[in-house]
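What follows is each chain in one-letter form.
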Amino acid sequence: MIKFFLMVNKQGQTRLSRYYEHVEINKRTMLEAEVIKNCLSRSKDQCSFIEYKDFKLVYRQYAALFVVVGIDQTENEMAVYELIHNFVEVLDKYFSRVIMFNLDRVHIILDEMVLNGCIVETNRNRILTPLFVLDKVAES
Amino acid sequence: MPAPIRLRELIRTIRTARTQAEEREMIQKECAAIRSSFREEDNTYRCRNVAKLLYMHMLGYPAHFGQLECLKLIASQKFTDKRIGYLGAMLLLDERQDVHLLMTNCIKNDLNHSTQYVQGLALCTLGCMGSSEMCRDLAGEVEKLLKTSNSYLRKKAALCAVHVIRKVPELMEMFLPATKNLLNEKNHGVLHTSVVLLTEMCERSPDMLAHFRKVSLVPQLVRILKNLIMSGYSPEHDVSGISDPFLQVRILRLLRILGRNDDDSSEAMNDILAQVATNTETSKNVGNAILYETVLTIMDIKSESGLRVLAINILGRFLLNNDKNIRYVALTSLLKTVQTDHNAVQRHRSTIVDCLKDLDVSIKRRAMELSFALVNGNNVRGMMKELLYFLDSCEPEFKADCASGIFLAAEKYAPSKRWHIDTIMRVLTTAGSYVRDDAVPNLIQLITNSVEMHAYTVQRLYKAILGDYSQQPLVQVASWCIGEYGDLLVSGQCEEEEPIQVTEDEVLDILESVLISNMSASVTRGYALTAIMKLSTRFTCTVNRIKKVVSIYGSSIDVELQQRAVEYNALFKKYDHMRPALLERMPVMEKVTTNGPTEIVQTNGETEPAVLETKPPPSGLQPASQANDLLDLLGGSDITPVIPTAPTSKPASAGGELLDLLGDLNLTGEQAAFPKVHILSAGPLFNDIAAGIPSITAYNKNGLKIDFTFERSNTNPSVTVITIQASNSTELDMTDFVFQAAVPKTFQLQLLSPSSSVIPAFNSGTITQVIKVLNPQKQQLRMRIKLTYNHKGSAMQDLAEVNNFPPQSWQ
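As recorded by an unreviewed UniProt entry, chain B carries the name AP-1 complex subunit gamma and is attributed to Manacus vitellinus.

The name given to chain A in an unreviewed UniProt entry is AP complex subunit sigma, with Manacus vitellinus as the source organism. Under the Subcellular location (unreviewed entry) heading, UniProt states for chain A: "Endomembrane system". Taken verbatim from the UniProt record of chain A, the Sequence similarities (unreviewed entry) comment is "Belongs to the adaptor complexes small subunit family."

What follows is the structure, encoded as structure tokens:
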């Protein structure tokens, strides 16, 4: 099960955070800071899986942004690694650049892909259909 | 009031803040604006405001005042409002807040809405944060949606059902009928989530698992998987050339659960697993992800051996891959399989050992754990070299674990005593401060057991602390050894190595510096003081110096040190006649666990296959408590009157002797040199005795009756403790009573010292003795006993067999 999904930049600022298991709000910032510290301290040729407390972190770096996913023992780490890439590709298709100004839309995309810690849909077109509908409704 | 700013402007503004304080200011200003807007019940901009609130919440600022607004948004008819409302509900609310119950009605209505996207929203929210009450109320709706033909809704309903089952397990039955058709779908999203649902049901309830095995779920899954692999390029689900890897991984996981411990299911999936394992492309991460899952499945189910070998070879290939992720994953899997397929994993040992030198911390840890699991009698020398090198260079967080691991492995597989001692020395000198505290007494016990290496050991230890006495465990072990074997050190008797010339003064110098040094812990100082004291009997010229040192510490601030010094002083003054006896060499200590070194087992010359063990009683001593033991003796206890008198009974040398069962067996009686083992009370020796086992009368002849009472330990079920009680119903005492016992080869026996050697007449008293029997193979207990005693002026002797042991004593 996916415990949380984070996008953090190199300075430690959270760009997106989604928790699938309840974490107190003050603990969240601490968690995010520690997670980014762990990820930053790794070099490029080290593996992308870190053991942190009682779960594993799978992270991927895209330019100045880190996408970090926390999983427990039941998930296949490499599949989650692929999922991160899939997510970034979807974002890429919807926004012309991966810009975080439409945070609510990003959340909607994430909801279409991951529900309650499990993967729902990985096909790009099917994920984005409701969003296009939403856009059309919002325009009118 | 001007229109509230849009979310994107807010984000832009906040990003321009250069300090935390600036950011906080901006946020507070915006929060105030949002709050007043909420108070005005402004419908048009509520959506925008809540979106901004969610952003601020993500940054870590409190946003609870927005919760009710989310509910209002959910109740609105506009899709955009609903969308933000539900998002807000998922992010801000959880079942701890009471407010969330208000959502139940809204969700119920939305689950039946005409627009599928609204229904989808409701399912999503319910699936993320529905509480048990909500789930109970709405489970019926979810189940209905699970059966619709709309694939968009079906997939969400499946995951929602997973959440419902997690919250309210009793409702699992309700979803069972709907699962029949789930796997017939073409839509991969639905397939994927259906597999997740089935997985959840199988994991939660063994009945469900049995049910699914019966309805031939496995062939269905196999068919789907086959289609995925064989179907060729499909643009919809393709990821780097592989068709829907996520679905493949999920199906493999479900197959694993279905095949575990079940032969039929495992058989049905053998082919497909072999196919996946051989056909999947390994050049990209995707392929490797699938292979990883396949390997885990193969190892978990009852697969045939050819398949298992294939799996381990795949892992071996992974290890050679350049990609770190794959190496990590391979090491983790090998660790899981090393218990069951030890030989296959051994083949990859050299690669694993190479991983010890990797830069990555996660990989190093895995490689270390795996290396320890692979050490065996054949490769111990080579592996130990690598592990010692690793210990030198690894990060501090690994050193404690690595040191403990090395000790354990060395103990189990040491090819020679000298090698063992060398290895221990190496660990102590390189990682001395990281060694765990419990390792010190174990090491000391090990050193006492290797009798012929004493001189070599003490010499090396002396040289080690000469340069540097800051590593506490090293100093503790060294002080103890110098105290015990200082005479060997000074007399330069070492055979293994070039003996060094050390004078008594030099030895005392080093011990005193340990005592004085600021780096020494209190425990270490205790060791050093006791060592100095022991040397008073072993050294000849420096006794006065020792006396002086001991008396100085009689006024030390450290209470423990002070107590020891005062007591040792007393030894010098009033009890000087007892000092040599008290400070004699320590006997060989028995290990508390029973996989002890084998050199203490003795065989006898009898034709009968019997093995008699006469290890000294488990003193389980920490040198730190030596002082107390010595003092107990001073108090003149009335225990076994056998402070070792016969010089041949020096237990340190008992190690090599052959014992004749029928010969002089005074040794069995005289090994209780220390009062820790108090046999007089026939009370239970273990705190955790099993239920009462009936006692038996083992021997009853000529007025001598011997009863056996039994105890079993819960901590070690192969050990039976027998307490014998010997009583005498004749009119004259029986004196010089000696009880001996022999057991078949598969057992091990240990006789502790008897309470006395005289059985008074007229049943007015008994002799009690404790026998410990180790019965690892749980065979029927049999015993042959021999009794010798003096009665009515003549020597009596009798042999008997005891066969009437109750089954509970050995089963």
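A. Representation of the overall build of chain B. Within chain B one finds 34 helices and 11 strands. Contacts in chain B between residues at least 24 apart in sequence constitute 69% of all its contacts with a sequence separation of at least 6. Taken as a whole, chain B presents about 35,200 Å² of accessible surface, with 51% of it coming from carbon and sulfur.

B. Quick look at the sheet that holds strand β1 (residues 2-9) of chain A. Residues and elements named next belong to chain A. On the basis of which strands lie adjacent, the open sheet formed by 5 strands has the order β2-β1-β5-β4-β3 and antiparallel pairing. The two strands at the open ends of the sheet, each matched to only one other strand, are β2 (14-19) and β3 (49-52). On average, adjacent strands in this sheet sit at an angle of 20° to one another, irrespective of strand direction. Relative to strand β5 (residues 65-71), β1 runs antiparallel, the two sharing 7 bridges. In the strand pairing of β5, phenylalanine 4 is matched with glycine 70.

C. Fine view of the nonpolar core. Membership of the largest hydrophobic core comes to 257 residues, with the highest contact counts inside it found for Phe87(A), Ile109(A) and Leu258(B). By size, the runner-up hydrophobic cluster in this structure holds 32 residues, among which are Leu704(B), Ala741(B), Leu751(B) and Leu787(B).

D. Examining a negative patch on the surface more closely. On the surface, Asp263(B), Asp264(B), Glu267(B), Asp271(B) and Glu304(B) cluster together into a negatively charged patch. For Asp264(B), the location among the structural elements is in helix α14 (residues 263-279).

E. The interface of chain B and chain A, seen in detail. If you look at the interface, chain B gives 59 residues, while chain A gives 52 residues. Here chain B and chain A share an interface that buries about 5,300 Å² over both sides, 57% of which is from carbon and sulfur atoms. Summed over the shared surface of chain B and chain A, the result is 6 salt bridges. Across the salt bridge formed by Asp360(B) and Arg42(A), the nearest N and O atoms sit 3.1 Å from each other. Counting every contact that joins chain B to chain A gives 17 residue pairs in polar contact (both at pLDDT 80 or more).

F. How the structure looks around the packing of helix α9 (residues 151-167) of chain B against helix α10 (residues 188-204) of chain B. Residues and elements named next belong to chain B. The N-to-C vectors of α9 and α10 enclose an angle of 15°; their axes lie 8 Å apart at closest approach. The orientation of α9 with respect to α10, classified from their angle, is roughly parallel. Where α9 crosses over α10, the handedness of that crossing is left-handed. Between α9 and α10, the residues in contact are Ser151, Arg154, Lys155, Ala158, Leu159, Ala161, Val162, Ile165 and Arg166 and Gly189, Val190, Thr193, Ser194, Val196, Leu197, Glu200, Met201 and Arg204, respectively. In terms of residue class, the contact of α9 with α10 is made up of 9 nonpolar, 4 polar and 5 charged.

G. Structural context of the pattern of salt bridges. Enumeration according to the criterion identifies 50 salt bridges over all chains in this entry. Taken together, the shared-partner salt bridges in this structure form one network comprising Arg253(B), Arg256(B), Arg260(B), Glu293(B) and Asp300(B).

H. Structural context of the packing of helix α16 (residues 305-320) of chain B against helix α17 (residues 324-337) of chain B. Residues and elements named next belong to chain B. One way to put it is that α16 packs onto α17 with a least axis distance of 8 Å and a crossing angle of 145°. The handedness of the crossing between α16 and α17 is left-handed. Residue-level inspection shows Ile312, Leu315, Phe318 and Leu319 of α16 in contact with α17, the latter providing Ile326, Arg327, Ala330, Leu331, Ser333, Leu334 and Thr337. Residue composition of the contact of α16 with α17, by class: 8 nonpolar, 2 polar and 1 charged.

I. Spatial organisation of the pairing of strand β9 (residues 766-774) of chain B. Residue and element names in this part refer to chain B. Most of β9 sits inside the fold, with 8 of its 9 residues counted as buried. Sheet analysis places strand β6 (residues 719-728) next to β9, joined by 9 bridges and oriented antiparallel. Its bridge partner lying in β9, isoleucine 722 is registered against isoleucine 771. Inspection of the sheet shows strand β8 (residues 748-751) paired to β9 by 4 bridges, in the antiparallel sense. Residue pairing in the sheet places leucine 751 in a bridge with isoleucine 771 of β9.

J. Examining the sheet that holds β9(B) more closely. Residues and elements named next belong to chain B. Sheet architecture is open: 5 strands sit in the order β4-β5-β6-β9-β8, paired in antiparallel fashion. Both edges of this open sheet fall to β4 (696-701) and β8, since each of them pairs with a single strand only. Averaged over all neighbouring strand pairs, the angle between strand axes comes to 20°, with direction disregarded. Bridging between strand β5 (residues 704-712) and β6 involves 9 bridges; their strand directions are antiparallel. If you follow aspartate 707 over to β6, its bridge partner there is glutamine 725.

K. Quick peek at helix α23 (residues 417-431) of chain B. Residue and element names in this part refer to chain B. Over its 15 residues, α23 extends 21 Å from the first C-alpha to the last, a length consistent with the 21 Å expected when each residue adds 1.5 Å. Among all positions of α23, only Trp419, His420, Ile421, Thr423, Ile424, Met425, Val427, Leu428 and Ala431 are buried. Contacts from the buried residues of α23 go to α21 (380-393), α22 (396-413), α24 (439-449), α25 (454-467) and α26 (472-491).

L. Expanded view of the environment of Asn187(B). Residue and element names in this part refer to chain B. The topology assignment puts asparagine 187 in the loop between α9 and α10. Considering only alpha carbons, one finds asparagine 187 and tyrosine 152, 35 residues apart in sequence, at a separation of 9.1 Å. A distance of 3.2 Å separates a polar atom in the side chain of asparagine 187 from a polar atom in the side chain of serine 151. Separated by 2.6 Å, the side chain of asparagine 187 and the backbone nitrogen of glycine 189 make a polar contact.

M. Here's a closer look at the side chain of Thr332(B). Along the polypeptide, Thr332(B) turns up in helix α17. Looking at Thr332(B), its side chain comes within polar contact range of the side chain of Arg366(B), at 3.2 Å.

N. Focus on the side chain of Thr423(B). Residue position: Thr423(B) is located in helix α23. Discounting chain neighbours no more than four positions away, the residues touching Thr423(B) are Met384(B), Leu388(B) and Ile406(B).

Quick notes on the rules
- Residues numbered from 1 in each chain as written.
- Chains lettered and ligands numbered in written order.
- Predicted model: local features only at pLDDT ≥ 70, side-chain atom pairs only at ≥ 80, totals over all residues.
- Heavy atoms only, no water.
- UniProt positions renumbered as here; feature names shortened; annotations may be inferred.
- Helix = DSSP H or I, 4+ residues; strand = E, 2+ residues; numbered from the N terminus.
- Contact = heavy atoms within 4.5 Å.
- Areas by Shrake-Rupley, 256 points an atom, 1.4 Å probe, with all protein chains shown as cover.
- Pairing = 2+ DSSP bridges.
- Axes fitted to C-alpha atoms, helices over the stretch in contact; angles between N-to-C directions.
- Core = buried A, V, L, I, M, F, W, Y, C linked by side-chain atoms within 4.5 Å.
- Buried < 20%, exposed > 50% of the residue type's maximum accessible area, 1.4 Å probe, protein only.
- Patch = residues over 30% accessible without salt bridge, like charges linked within 9 Å, V, L, I, M, F, W, Y side chains within 5 Å.
- Salt bridge = Lys/Arg side-chain N within 4 Å of Asp/Glu carboxyl O.
- Lys, Arg positive; Asp, Glu negative; His and termini not counted.
- Charge placed at Lys NZ, Arg CZ, Asp CG, Glu CD.
- Buried area = accessible area lost by both parts, 1.4 Å probe.
- Polar contact = N/O pair within 3.5 Å; in protein donor to acceptor, adjacent residues only side chain to side chain.
- Parallel < 35°, antiparallel > 145°, perpendicular 65-115°, else oblique.
- Left-handed = near helix turned anticlockwise from the far one by under 90°.
- Nonpolar A, V, L, I, M, F, W, Y, C, P; charged D, E, K, R; others polar.
- Expected span 1.5 Å × (residues − 1).

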